[in-house]
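A structural walkthrough
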Amino acid sequence: MANLKTVSKKSKAQSMGMHTEVLTGRTQQKFFNPDEAENFYYFGTYDVDFNKRTELDVKNMTAPEANKEIDNLMSQGYGTIVIKNPQGKHSLGVGILNKLNLIFEGSLGYFGMGSCDGPIVRINGRVGWSCAENLMAGKVVIEKNAGSCFGAAIRGGDLICKGSVGARTGIDMKGGTIIIGGDAGAFTGFMMQRGRIIILGDVGINLGDSMYDGTIFVGGEIGSYGSDAVDSELTSSDQDWLKRKLKVAEIGENFDVSKMKKIVAGKKLWNYDNLEPTEKKGAI
Amino acid sequence: MCGIAGLIHRGKSSNVGSELQGMLQALKHRGEDSTGYALYGDTDGKNFIMRFKVGENVGEGSSSVMEDVSVYDERKKIVDETLVEMGAKVVKEERTLPYSLRYEIDYDTKDLLDFSQRIESIPGVEILSMGKSLEVIKDLGNAKMVCDRYSLDKVVGTHAIGHARMATESGVDIKSAHPFWGYPFSDVSVVHNGQLTNYWNNRRVLENKGMRFMSECDSELIAVYIAEKMRHGATLEEGMKESLIGLDGVFTYFVATKDSLGMAKDTMAAKPLVLYESDDLVAMGSEEIAIRSVLPQEIDTYDPFDGEVKVWQI
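Parameters and conventions
Residues numbered from 1 in each chain as written. Chains lettered and ligands numbered in written order. Predicted model: local features only at pLDDT ≥ 70, side-chain atom pairs only at ≥ 80, totals over all residues. Helix = DSSP H or I, 4+ residues; strand = E, 2+ residues; numbered from the N terminus. Rg over C-alpha atoms; globule rule 2.2 N^0.38 Å. Buried ≥ 20, exposed ≤ 12 C-beta atoms within 10 Å, placed from the backbone. Contact = placed C-beta atoms within 7 Å. pLDDT = per-residue confidence, 0-100. Pairing = 2+ DSSP bridges. Axes fitted to C-alpha atoms, helices over the stretch in contact; angles between N-to-C directions. Nonpolar A, V, L, I, M, F, W, Y, C, P; charged D, E, K, R; others polar. Core = buried A, V, L, I, M, F, W, Y, C linked by C-beta atoms within 7 Å. Parallel < 35°, antiparallel > 145°, perpendicular 65-115°, else oblique. Left-handed = near helix turned anticlockwise from the far one by under 90°.

Right, let's get into the overall build of chain B. Check the secondary structure of chain B and you find eight helices and 15 strands. Over its C-alpha trace chain B gives a radius of gyration of 18 Å, about what one expects of a compact globule, namely 20 Å for 314 residues. If you line up chain B on its principal axes, its C-alpha atoms span 55 × 40 × 40 Å. Counting across all 314 residues of chain B, residues that qualify as buried make up 51%. At a minimum sequence separation of 6, the contacts of chain B that also span at least 24 residues come to 71%.

Below, the structure is given as C-alpha cells:
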C-alpha cells in the first residue's frame, strides 16, 4: 500500500515547487538529483563516440544475434552503427537505452526499435507493425511507409514516418510526438493519453477514438471522428510549434500549417475527477 | 494467428510452387498445424483437374479419427464408378498419398454444382478443388513438409495463394485447412486470416439457399459467401466489396480465380497485410519477410488501409 507523506528533506525539484508530495512503498517515486549526477548509472548503457563508425551486415543473423552484436559494438564505443540487409526481420534494434546514431539500410519487420530510450535512428526503408513501441526518448525517422500500431504506447521522443502509416497509429501513447508525412489509417490516436500526433495527409475512420488527452493535428481529410474526439481552435502558438516540429522532422517544409485541423479529447468519457491525485491516492 | 501469402505474375509464368513455398515457410511461426497451397498452373485448359481426398491425415497432431486404409480404396472405387455414370472420363490419375488424389478429367459441363454434389455425396469424400488451372493442395505440417510431400516446388504457373494455419476454432485436419475452394465455381479459391463473428448466422442463410459447407471453419464462409454472390451475377470485386459489410469480425483474405487475384481487409484493419506491387509482379503476405523470400532486394511495400479491396489480373 502506498503511503503518502510529506518529506522533510526536499529535493531540488521539490523546492522549486515542481513536486509537493512523495509516494513511498511499492510505488515509490525517485526524483533525479543533479548533485548526484556523477554517480548516476543507467543499466545497459555505454560511453560511445559518435565519430566512431562501423557497419554490421545482419543478412545471416537472427534478430537476437543482431541485437546482441549492436550491444557489443556499443560496448566497444561505437556511436554510429550502420545496419546492412535487415530484410524485413522482426524485432531489430529493440531495447537500446543509449545515445547512438543507428542507420538501417533497408526495411524492418514487426516491433523494430521497440522499448528504446535515447538513440537517433534513421531507417532507409519501411517498417512493419508496432515500430518504436514504448519509445521513451530519442528520434526515429522512417523514410518510407510504416505498418499499423506505429508508435504504440510511446512516452517520449520523436517518431517520424515520411510515407503513410497503417491503422491505430499512436494507440495508447503517453507522450512524445508522432509525425506522418503521408496518410494514416483507421483509429489513429486510439485511447491516446498524452502527446501529439501530426498527420499531413488524410486520416481514416474513428480518429482519436476514446482519447483521454493529447492533441492530433491533421492536414488532409478526416474519415470520421471517434468517440469523444472533438475539434479545437488552432492557436498561433500551435502553428509556431508545428512549423518548428516539421522543420526538425525534415518534412512538409512548405506545408501551410494554418489550415490544419486540431483534434482533442472532449473529456466526456472521463469517469474520474480532477482531485484523484491527492485525495484518492491517500485513500488507497 | 495464421499467415497468408499470395503472388501474381503479370504477363508471364514462373515457378509459383517454389515461390509460395518460400513465402509460407517464412511465415511458419504464425502457425504450422497445416499448410495449404492454391496453385494456378500452366495447363492447356482442356481438362478439369480435380484434387480430392478420400480420408484424413491421421498423423501426429491430427484431430481426425483413425481409419483403416482399405476404406480409402473403397471410396476411390465409388468415385471412379460415379464419374463413369456421369460420363466423365479420367484422363490421368495420380495418388500422391493414400488419402489424396489428383484426377485430370475430360468432362463437358459449365455447371459443376451437380457434379460436385454427386461426388461429395460419397461418405468421406471431399473435393479440395475443381478447375482447369487451379489445384488446391493442403495437409498437416509446415510449408516445406507439404511442398516436399506433394512435390510442389516444380509447379509453374501465373499466380498462387497459400495459408499457414494455427488451428484455433476448428480441428487440426485437412478439411479445416485453407485454401477453400469457391464451390461450385471452377478455379476459385480463398485464404483467410482472422475471425468471423457472424459465421453461424451467415451459414444458416447460405445453407437455406443451397450452398454447401464441408467444415466448421469460419474461413470457409468467405468462399461460400463470395461464390453465392457470383452465382447471382456479381463480379469477384463486387462480391468482395459486399463481404466487407456482410461479414462481421476481423479479417484479411485473398481470393483467386483463373486469371485474377484479389485482397480484402476489414474496416478495422485488425489483421496484417503487407503488399508489394509492380508492373509485372504483385506479392503480398501477413509479414514483409514473406515477400522478402521472393524479393530479397530493397523494395517499396505498404499496408493496405482499412476496408480496402484490390483485384489484379494476370
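Resuming the write-up.
In this section: the confidence of the model for chain B. In this model, chain B carries a mean pLDDT of 92, and residues with pLDDT of at least 70 account for 100%. Predicted complex, confidence summary: ipTM 0.81, pTM 0.85.

Once that is clear, we can look at the confidence of the model for chain A. Per-residue pLDDT for chain A has a mean of 87; in total, 81% of the residues score no lower than 70. Confidence drops under pLDDT 50 across residues 1–7 of chain A; counting only partners more than four residues distant or on other chains, this segment forms 18 contacts.

Whenever strands of a sheet pair, they do so through backbone hydrogen bonds, lying parallel or antiparallel. All names here are of chain A. An order of β3-β4-β5-β6-β7-β8-β9-β10-β11-β13-β12 is seen for the eleven strands of this open sheet, with the pairing classed as mixed. Every interior strand has two partners, whereas the edge strands, β3 (49–57) and β12 (229–232), have only one. Neighbour-to-neighbour, the strand axes of this sheet turn through a mean angle of 20 degrees, independent of strand direction. Relative to strand β7 (residues 137–142), strand β6 (residues 117–123) is paired through five bridges, and the arrangement is parallel. Within the sheet, the bridge partner assigned to V121 lies in β7 and is V140. Of the strands in this sheet, β8 (158–161), β9 (174–180), β10 (194–199), β11 (215–218) and β13 (261–265) are in contact with helix α3 (residues 236–249), which crosses β9 at around 70 degrees.

Take the sheet that holds strand β10 (residues 189–196) of chain B next. All names here are of chain B. Taken together, five strands build an open sheet; the order of strands is β9-β10-β11-β12-β15 and the sheet is antiparallel. Unpaired on one side and paired on the other, β9 (180–181) and β15 (309–313) mark the two borders of the sheet. The pairing of strand β12 (residues 260–265) with β15 spans five bridges and is antiparallel. Bridging from a neighbouring strand, M263 pairs with K310 of β15.

The partner chain B presents 16 residues to the 22 residues of chain A that form the contact. Classifying every residue of the side of chain A that touches chain B by side-chain character gives five nonpolar, 14 polar and three charged.

The next point concerns unusual backbone geometry. Glycine aside, residues mostly have negative phi angles, and peptide bonds mostly take the trans form. Across the junction of B:H178 and B:P179, the peptide omega takes the value 0 degrees, indicating a cis bond. The residue B:P179 is located in the loop between β8 (157–165) and β9 in this model. Along the chain, B:Y183 connects to B:P184 via a cis peptide bond; the corresponding omega equals 0 degrees. Within the secondary structure, B:P184 sits in the loop between β9 and β10. One non-glycine residue with positive phi stands out, namely A:K267, at about 60 degrees. Within the secondary structure, A:K267 sits in the loop between β13 and α4 (276–283). Phi angles above zero are rare outside glycine, and B:D187 is one such case at about 70 degrees. Among the residues examined, B:D187 registers 22 C-beta atoms within 10 Å and is labelled buried.

Our focus in this paragraph is the nonpolar core. Within the largest apolar cluster, 84 residues are counted, with the highest numbers of intra-cluster contacts made by B:A160, B:W181, B:F254 and B:V255. The dominant element in this core, judged by the number of residues it contributes, is helix α6 (residues 220–231) of chain B, at seven residues. When neighbours within four sequence positions are excluded, B:F254 is seen to be in contact with B:I4, B:G6, B:I161, B:V191, B:L261, B:G262 and B:M263. Residues A:V58, A:Y78, A:I178 and A:V203 belong to the second largest nonpolar core, which totals 72 residues.

All names here are of chain B. By the criterion of burial, strand β6 (residues 126–131) is predominantly enclosed, with six of the six residues buried. Relative to β6, strand β3 (residues 48–53) runs antiparallel, the two sharing five bridges. Paired with F52 across the bridge in β6 is I127.

Another point: the packing of helix α5 (residues 199–208) of chain B against α6(B). Residue and element names in this part refer to chain B. Put simply, α5 and α6 touch, their axes get as near as 11 Å, and they point 40 degrees apart. Relative to α6, α5 is oriented oblique. Our pair here, α5 against α6, has a crossing hand that is left-handed. For the pair α5 and α6, the contacting residues are Y199, N202, R203 and L206 in the first and L221, V224, Y225 and E228 in the second.

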